[in-house]
Structures are given as structure tokens and as C-alpha cells.
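Single-letter residue listing:
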2 protein chains.
Amino acid sequence: MDHAIADRWLTQVDEALSGPGRRAGAARTAVVELLAREGQCLLSAHEILRRLPNASASSVYRLLDELLELGLVHRFHGDDGVARYEIADPDGHHHHLIDDVTGSPIPFADHGLELAIEAVAARLGVRLTGHEVVIRGKRRSNGTES
Amino acid sequence: MDHAIADRWLTQVDEALSGPGRRAGAARTAVVELLAREGQCLLSAHEILRRLPNASASSVYRLLDELLELGLVHRFHGDDGVARYEIADPDGHHHHLIDDVTGSPIPFADHGLELAIEAVAARLGVRLTGHEVVIRGKRRSNGTES
DNA sequence: TTATATGCAAAAGCTTTGCATGGGT
DNA sequence: ACCCATGCAAAGCTTTTGCATATAA
């Protein structure tokens, strides 16, 4: 995990969730801290609930919705139809490679890909507000495996 | 819709689904024909069921699963978590722009984007088996709107 | 004290499965 | 006649919602 990103994100969340008429409860604190620690790549509500046995499903879903609304997390729906979340941070921007063998997502970033997406948007006459890329494949052996 | 793609796809489906121990029932015929006609871009099971009041949900889901297994359709999970399908055809390859205003998907293809994705895969040492791109944005007025 | 965050339980919605029946071949 | 495809109904799962309670401010 990236401490700089985690800390900045926690600050943003604190700001967004400390207005008048807002309170910090146990569930909220626990979920936010978990996301900062482990939410930099695709965490589902069930995975969160498993790690936080004291939090209720309703609180977790409600909070995730709230963070989504505030733009503090991104949400994706995987091949299994389950929603997965990760913290939103410009410096943490990345896409996902799904390993054909293990099925697990591997984050990656690529400048050329970003440029290509911007070029597409320009060609289509679209002001870009978001984009996601998923690539699937099998990693070629690179000789470092055991 | 593209007749050439629809016809070729129908042929492929017929071949794949006519082996020994397979039969064509009413539901299968109706769903396959509907997909060929209107399934070139993101159709959900519910939309199919609405258009085919005589087909049962179980038949529709079972058939879509079967086509998915055979690689004859692609499946996506949209922001609402609902599975949407479209026919798989190399010549019909495209990605999706989600209009921020209407929420509806607009298909597009872009050679530069494909090249960028291949470059990423090469850099990551991955043999590509699939990829999806979704971009979101607001279409700029081009002066042709009413 | 007061209103918000929480948890429980029930409900909702999409999708899957079991099983008896109908219909292709 | 065989047995696959279908439809119905029930179940499964994730996610949402209603409501009473606990709790932060």
C-alpha cells in the first residue's frame, strides 16, 4: 500500500464527512480506515464485512454508497456481478489486468493508454468524465518464477 | 444493425448448437434470433424477456450462459450490476461510451486504442485474451442538434 | 438533549436450480 | 420412443430499506 495516497485520502474523507449534521460512528471509522489501508485495489462489501465482524451489512453498504456519491471511491462490477470498490485518488489512477489463471486483478498504469483514451474522446466529441479499462490474459513466464 | 454480422453469427450459433444431443426449442430459436437482430450492443436478460413474453426466465438465462460458455456472446456488468450481453463477432468488435446525460451506451471502435492496449499487454508480459474499455462523458454539441 | 449513525430483520431484484412436462428428432 | 429443452416455482445471493436503538456532539 501507498502511505502517501492513504493519508491524503483519509484527510479528504475527514473533510467531506465532518460537516454539520454528520457524526463519526464506529462502523464508519472502521470502514474508512480499512479502505485507506487495503482499499487501493478492488474490495467488495463482503470482503469488508469479513474483515470487520462488528460492522453490519447495512452500514457498510450505506457508507460505500455515500463515499461513491462524494466521489471518494470508485465502484466496479466484476464478472461475478459483485460490486468492488477502491479509493479514488488522482495519483493512484490505474486499470486492471485480470489474470486468466488465478482470476485475481492486478493493477497497472500506462501513459500511452491514457493518451489513446483522450484521443478517442476528442475524436468522438466527448468531454471525458471517467474511463475504465480491463484487460484479461495469461502472464508469460519471465523466468523469475520458482 | 449489421446484416453481415448478424448472418454470420447465426451461422456460427447454428453450428455450435446442432451437435448430437442438442435440439432447437422455441425459446432458443426466439432468443438467438432476437440477439442476431438487436443484440449487437448490450441487451439484458430482462430486456430480452420483455421482448419475448413467451420465453421463461430460466430458459433465457440458461441459453445466455450456454452462449457465453461457447464464446458466442460477451457479457458485461453495468453500473447497475445487471448483466448485459452482446453477440461476439471479431468484425463487430467495439467498446462503449456511456453518455453522462442519458446513461445509454454508445458503441465505438478505435484502432489507436486497440494498439495502445496491445502495447500495454506486451509491456506487462501478458498474452491478451480479452479486453474491455468503458469511457464516460458528455457529448459536446456539434451544432446538429435541434 | 437531539439528531445522526448503527444494527437487525425484512424486502427487493437479479439470477440460478430442481423437477415435472412438452416437444424435436 | 427417447431424451433434450422448456416453464414454473422455489431458492440463493447481493444489495437496499424500514425502523427501533445506541451514541456522538
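Overview of the structure. (Residues numbered from 1 in each chain as written. Chains lettered and ligands numbered in written order. Predicted model: local features only at pLDDT ≥ 70, side-chain atom pairs only at ≥ 80, totals over all residues. Heavy atoms only, no water.)

**What to know about the layout of surface pockets**
Part 1: Size it by volume and the largest pocket reaches roughly 1100 Å³.
Part 2: Along the walls of the largest pocket sit 36 residues, with His 77 of chain A together with Phe 76, His 77, Gly 78 and Glu 132 of chain B positioned nearest its centre.
Part 3: Going through the elements one at a time, β2 (73-77), β4 (95-99) and β6 (126-139) of chain A together with β2 (73-77), β4 (95-99) and β6 (126-139) of chain B are the ones with two or more residues in the lining of the largest pocket.
Part 4: Broken down by element, the lining of the largest pocket gets its largest block of residues, four residues, from β6 of chain B.
Part 5: A per-class count over the lining of the largest pocket returns 13 nonpolar, nine polar and 14 charged. (1 Å grid on protein atoms, 1.4 Å probe; cavity = no way out; pocket = protein on both sides within 12 Å on 5 of 7 lines; lining within 4 Å. Points joined across faces, edges and corners; volume = space filled by probe spheres on them. Helix = DSSP H or I, 4+ residues; strand = E, 2+ residues; numbered from the N terminus. Nonpolar A, V, L, I, M, F, W, Y, C, P; charged D, E, K, R; others polar.)

**Re the sheet that holds β2 of chain A**
Residue and element names in this part refer to chain A.
Part 1: Here we have three strands laid out as an open sheet, ordered β1-β3-β2, and antiparallel in their pairing. The open sheet has two edge strands with one neighbour each: β1 (43-44) and β2.
Part 2: Strand direction decides the pairing type here: β2 and strand β3 (residues 83-87), joined by five bridges, are antiparallel. Paired with His 77 across the strands is Ala 83, a residue of β3.
Part 3: Contacts between helix α4 (residues 57-69) and the sheet are confined to β2 and β3, with β2 contributing the most and set at about 110° to the helix. (Pairing = 2+ DSSP bridges. Contact = heavy atoms within 4.5 Å. Axes fitted to C-alpha atoms, helices over the stretch in contact; angles between N-to-C directions.)

**With respect to the protein's contact with DNA strand C**
Part 1: Taken together, 22 residues lie near DNA strand C, and Arg 23, Arg 28 and Ser 58 of chain A together with Arg 23 and Tyr 61 of chain B sit nearest.
Part 2: The sugar-phosphate share of atoms of DNA strand C within 4 Å of the protein amounts to 57%.
Part 3: The separation between a phosphate oxygen of DNA strand C and a polar main-chain atom of Arg 28 of chain A is 2.5 Å.
Part 4: Separating a base nitrogen of DNA strand C from a side-chain N or O atom of Arg 62 of chain A is a distance of 3.0 Å.
Part 5: Every element with two or more residues in the surface near DNA strand C is listed here: α2 (26-38) and α4 of chain A together with α4 (57-69) of chain B.
Part 6: Top contributing element to the surface near DNA strand C by residue count: α4 of chain B, with four residues. (Near = heavy atom within 4 Å. Polar contact = N/O pair within 3.5 Å; in protein donor to acceptor, adjacent residues only side chain to side chain.)

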